[in-house]
Amino acid sequence: MKTKVYLLSLLAVFFTSCDSYFSGMDIKNEYSPDINTVMSDANQYPSLLSGVCSSYWSALLGWGNEAIWPLGTVSDQYAPGAGNFNLKTWSYYDGFDKPEIDNSNEDSTFPKAIWYDFYGMINTLKNILAAIDNGVVYTEGGQDATYKILANTYFLMGTCYTEMALLFDQCFLITETTDVISITGESLVPASSVQSAALDYLDKCISICEEKGDFANLSGMFPNNTMATGGKLKQLANFMAARCLAYFPRNKEEAATVDWNKVSGYAKNGLAEDIIATLPNNDYEQWTLVQNAAPTGGWVRIGMRILKMMCPNDANAKWPLPRDFGSTATLPELKSPDHRLLTDFIYTPEHKSPSGTSFTGYTNYSPYSLNRFNDYATDGNGDEFLFTKVESDLIYAEALLNTGKTNEAVTLINVTREGRGHLKDITPASAAEEIIKALYYERFIECGFPYPATSFYDRRRTPVDEYQLTTRSFRQLPVPCYELKTYGLESYTFGGEKDANSKYKF
């Protein structure tokens, strides 16, 4: 007889006993005594949804779960100088054989924390949708405004499942109609099914926003009025759907099968502004990987691979660092045709690895710190970025490029390439391979720092071989072993393949 596991009961245990996973979450425990009262009172829904927004922000940017940050080093966007958050495990240097993800240790936070963070949010969202299906009505000023709850809940459900589909190879699909008592190990579905569910929820959100127009949305969602109107919510939903499609491939072969016409349809209606929190702002103040890469930060710097991309003709831009790069070595200041080396980064050779944490190849990790996205780093004041309009525009540019609209694509690429980088080397007459290389270059420089997973998604799917993930890098995450063991399933993992990417020469 197969072991039955009640996932939401398991989640309830984590809510009460694993503060490291769920600290700061404004999410009700389904199994607390007053859950039926809470879910029958639609006036509670705005605060529940606001809590999910805060939890989502924290899951993507926060430091406490230790789980998202390794995606920034496995993609060579950041370089670590210490073992904190298991970052150096996934960093590449000359001759280094990357290991598999340790999915045999039940106490390991990676990738377990990500898994339970998102299922905690999904649990709340599915309860709201189920209650509305059962007749609960949300009113404002005596008028039925349930559509606002539905639009936001559909958006957040689609957003959570987007991230699950992009990160994990398989998941449970828990929806408003799921009978949780019947869930078994056989209920796991492939990431492609999760992607389809995410898009379905996002489409439902978009449909409501189109039907209801630019309505005044619920307050207290994402900060800085990002979701203040139906129009803005619609932009967010379109951006998320474009991400869900464009970032899904695990390798460049899969990327060739993406429906770029569909991506274009979403992306052209994507973000019109950056998604930021101006700090201090309620629960959105975080100690992020961006903050830790600032000149006043800790033990993270700009990856040497990024600097090598920016300084192709400077012999001092070394990547991968040689094994004999010793503890007394310091790389000199670099020269780049890209103006952003001077504006977005800062040469800080005085920052050395903390005592006792050095290791071959990255003793000094990198002489450059991040000088962008981190004005809040020293005192908790300033703008904390999550997603940017440039990221949305570059997804659209990639879709245009893959649907034969080269002129429009190049125009979007050059907004930052010329405008911020002062580079004027790409025109519609440029070779196709040079244009796509320029597009991904812009994505790494412009989009890869706020949310560490973005550069991971780009590395694994790019058609530019020299920009691919390094040998033996994992390309997706397994179901955590704790979950597998509970369901009586065999543990498995990714990464460490001996012959992976052998054709890529670094």
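Below is a summary of the structure that appears in this document. (Residues numbered from 1 in each chain as written. Predicted model: local features only at pLDDT ≥ 70, side-chain atom pairs only at ≥ 80, totals over all residues. Heavy atoms only, no water.)

1. Overview of helix 7 (residues 146–167)
End to end, helix 7 covers 32 Å across 22 residues, agreeing with the expected 32 Å (1.5 Å per residue, within 8%). Counting buried positions along helix 7 gives 21 out of 22 residues, so the element sits mostly inside the fold. (Helix = DSSP H or I, 4+ residues; strand = E, 2+ residues; numbered from the N terminus. Expected span 1.5 Å × (residues − 1). Buried < 20%, exposed > 50% of the residue type's maximum accessible area, 1.4 Å probe, protein only.)

2. Remarks on the pattern of salt bridges
On inspection of all chains with the given rule, the structure shows 23 salt bridges. The partner of Arg420 in a salt bridge is Asp344, and the shortest N-O contact between them spans 2.5 Å. Within this pair, whereas Arg420 is found in the loop between helix 16 (406–417) and helix 17 (432–447), its partner Asp344 is found in the loop between helix 14 (340–343) and strand 8 (345–347), the two being separated by 76 residues in sequence. Among the residues examined, Arg420 registers a relative accessible area of 25% and is labelled partly exposed. Using a relative accessible area of 2% as the deciding quantity, one classes Asp344 as buried. In this structure, Glu442 engages Arg417 in a salt bridge whose closest nitrogen and oxygen atoms are separated by 3.3 Å. Placement of the pair is Glu442 in helix 17 and Arg417 in helix 16, with a sequence separation of 25 residues. We classify Glu442 as buried; its relative accessible area is 0%. Note on Arg417: relative accessible area 7%, which makes it buried. (Salt bridge = Lys/Arg side-chain N within 4 Å of Asp/Glu carboxyl O.)

3. Let's talk about the packing of aromatic side chains
Taken as a whole and assessed by the stated rule, the structure comprises 25 aromatic pairs. Ring geometry for Phe387 against Tyr451: centres 6.1 Å apart, planes inclined by 90 degrees, an arrangement best described as edge-to-face. Here Tyr451 lies in the loop between helix 17 and helix 18 (453–461) and Phe387 lies in strand 10 (residues 382–387), a separation of 64 residues in the sequence. Grouping aromatic residues by their ring pairs yields a cluster made of Trp90, Phe110, Tyr247, Phe456, Tyr457 and Phe474. Over the face of the ring belonging to Tyr147 we find Lys212, whose NZ or CZ atom lies 4.8 Å from the ring centre. Of note, Arg250 hangs over the ring of Phe248, and the distance from its end group to the ring centre comes to 4.6 Å. (Phe/Tyr/Trp six-rings, centres within 6.5 Å; stacked < 30°, edge-to-face > 60°. Lys NZ or Arg CZ within 6 Å of the ring centre and 35° of its normal.)

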